[in-house]
Amino acid sequence: MSLISIRDLTFSYPGGWEEVFTGLNLELDTAWRLGLVGRNGRGKTTLLRLLSGALTPGGGSVSLPEPVSYFPFPLHWDDTPALEALERRFPDLEEWRLFRELNLLETDPELLYRPLATLSGGERVKLQLAALFQQPERYLLIDEPTDHLDLAGRAAVSAYLAQKPGFLLVSHDRAFLDGCTDHILSLNKTGPELIRGTFSTWWAEKEDRDRREAAENQRLKGEIRRLKESARRTGQWAEQVEASKYGSRNSGLRPDRGFLGHKSAKMMARSKAAERRQERALAEKEGLLKDLEHTAPLLLRPLEHPKDRLLEVRDFCPDYGAGPVGSPISFTLRQGERLALTGPNGCGKSSLLKAVLGREIPHTGALALASGAVVSYVPQDTGGLKGSFARFAQESGVDLTRLLTLLRKLDVPRAQFEQDLAALSEGQKKKVLLARSLCQSAHLYLWDEPLNYVDVFSRMQIEALLRETGATLLLVEHDRAFLQAVGARVLTL
């Protein structure tokens, strides 16, 4: 057994608004197939980069028993043949081993002889994993491999990883994690939590613990209310007794001030003791619910169209001048339905969404959007996000307060609202685009890979929202658990 040892690790980015890690302590077995989960901004990628040596801790130590490799690694996606580029980077690569690994990944080894620039996102993921798992005696750090994989690709890579020795994997895809991990490390608000099992095992344990802690929290709230009332009454009694030491101005009686003073002191002591009990109960309460992820309900106000059929697509196929891209596609989308488009990169999924949006996309076939239908769009690319939140809200025609409220519910810290949008993490940028769409009342919501880099808690919030509303949704997405949860039909291109 080889252990990765992390001791009192502290780290913050220069100019960062808070520390990412403070006194982090972990011991991880390199034989585990370990899944790393947590909210956006909790430090998952940062931890991988610290383990790889790309970042230097501010304090503490990281000890690794063996060298590490990192996915993804930089490659120039140019016209160099894939095999040639890999051999330059890894001189000890053996071609027959690459053939074997690519076959295990359900990918044609022919891609080794194609220019890197022609490879799809999914092919690039599989090519890099095949090369990295050939490196002997190296521990593999895998950072979000699923964002360029379709449903079939995710299933193939998950099955591939399930056959491999230990690694540390960051992913937000629950089905993917369930298929290839045997331990889960969660970066919670108050520190790390490590369990043996899959994501579903960890989630079931977390929900059970949250229910118990929530019940205990309610019990403590009741106790604190009683203690406060008791302390208030005791304080009133003490004040009344203290006042009675001096008697009434109109009374001819002279009070026994010694007796009453002694009684007053006892009452004050009881009051102080009640206050101390209250403080202890409050401290106990504060010790609970530290790791409850408060997934506040989101709000969406879709519009209702007079027509039931919002979208008709007949034999649609993009054609940019070199012939059709993929096969023609036909479907009808009615109000309240959710339809997910899936398929390999380059088969026309994003092009179809842009055509529905009214963009000039050369194509064969036809599509018809219901007259007057209002469309809200979440693009796949976040690269254009920059400037202030206020400017973004104004240019998008949405209410700034509502936008920021939605982002807080999606766990974007308030301190981030003072930053330029370009400085946000990829997950936070995607949440900004999603929040804008949720602020817009529309007949049809077009979302192009909306969950890339978005943490699993936020995915579940969006699932709950869609289940509770009648929003009509056409999206490109490959998270099987999400699609099942929102009742989406899946159409493979």
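Here's a quick rundown of the structure. (Residues numbered from 1 in each chain as written. Predicted model: local features only at pLDDT ≥ 70, side-chain atom pairs only at ≥ 80, totals over all residues. Heavy atoms only, no water.)

## Digging into the overall build of the protein
Line of reasoning, step 1. Helix and strand content of the protein: 14 helices and 17 strands.
Line of reasoning, step 2. When the 493 residues of the protein are sorted by exposure, 49% land in the buried category.
Line of reasoning, step 3. Sequence-distant contacts in the protein: of pairs separated by 6 or more residues, those separated by 24 or more amount to 71%.
Line of reasoning, step 4. Here the protein has roughly 23500 Å² of accessible surface; of this, 49% comes from carbon and sulfur atoms. (Helix = DSSP H or I, 4+ residues; strand = E, 2+ residues; numbered from the N terminus. Buried < 20%, exposed > 50% of the residue type's maximum accessible area, 1.4 Å probe, protein only. Contact = heavy atoms within 4.5 Å. Areas by Shrake-Rupley, 256 points an atom, 1.4 Å probe, with all protein chains shown as cover.)

## Focus on the nonpolar core
Line of reasoning, step 1. Ranked by size, the top nonpolar core spans 43 residues in total, and within it Leu86, Ile142, Leu161 and Phe199 carry the most contacts.
Line of reasoning, step 2. The leading source of residues in this core is helix α4 (residues 121–132), at six residues.
Line of reasoning, step 3. Here Phe199 is in contact with Val37, Arg174, Leu177, Asp178, Thr181, Ile184, Val456 and Met460, once residues within four sequence places are set aside.
Line of reasoning, step 4. Membership of the second largest hydrophobic core comes to 39 residues, among which are Leu385, Phe389, Val454 and Leu475. (Core = buried A, V, L, I, M, F, W, Y, C linked by side-chain atoms within 4.5 Å.)

## A look at the environment of Val378
Line of reasoning, step 1. Tracing the backbone through its elements, the reader meets Val378 in strand β14 (residues 375–378).
Line of reasoning, step 2. On the basis of relative accessibility, which here comes to 0%, the residue Val378 falls in the buried class.
Line of reasoning, step 3. Sequence-wise, Val378 and Arg436 are 58 residues apart; in three dimensions their C-alpha atoms are separated by 8.4 Å.
Line of reasoning, step 4. Those residues within four positions of Val378 in sequence are excluded, and the remaining contacts are Leu433, Leu434, Ser437, Leu446, Trp447, Asp448 and Pro450.

## Considerations on the sheet that holds strand β10 (residues 309–318)
Line of reasoning, step 1. Strand order in the open sheet made by the three strands is β11-β10-β13, with antiparallel pairing throughout. Looking at which strands have only one partner, the edges of the open sheet turn out to be β11 (329–334) and β13 (363–369). On average, each strand axis in the sheet is inclined to that of its neighbour by 10°, with strand direction left out of account.
Line of reasoning, step 2. Where β10 and β13 come together, six bridges link them in antiparallel fashion. Residue Leu311 lies in a different strand from β13, and its bridge partner there is Leu369.
Line of reasoning, step 3. Contacting β10, β11 and β13, helix α9 (residues 349–356) crosses the sheet at an angle of about 130° to β10. (Pairing = 2+ DSSP bridges. Axes fitted to C-alpha atoms, helices over the stretch in contact; angles between N-to-C directions.)

## Looking at the environment of Pro362
Line of reasoning, step 1. Topologically, Pro362 is positioned in the loop between α9 and β13.
Line of reasoning, step 2. The spacing of Pro362 and Gly321 is 41 residues in sequence and 8.2 Å in space, taken between C-alpha atoms.

## Quick notes on the sheet that holds strand β5 (residues 68–71)
Line of reasoning, step 1. Within the open sheet, the six strands sit side by side as β5-β6-β7-β3-β8-β9. Their pairing is mixed. Of all strands in the sheet, those bounded by a partner on one side alone are β5 and β9 (191–196). Looking at each pair of strands side by side, their axes are set apart by 20° on average, direction ignored.
Line of reasoning, step 2. Alignment of β5 against strand β6 (residues 139–143), held across four bridges, turns out to be parallel. Residue pairing in the sheet places Phe71 in a bridge with Ile142 of β6.
Line of reasoning, step 3. Each of β5 and β6 touches α4; the most contacted strand, β5, lies at about 175° to it.

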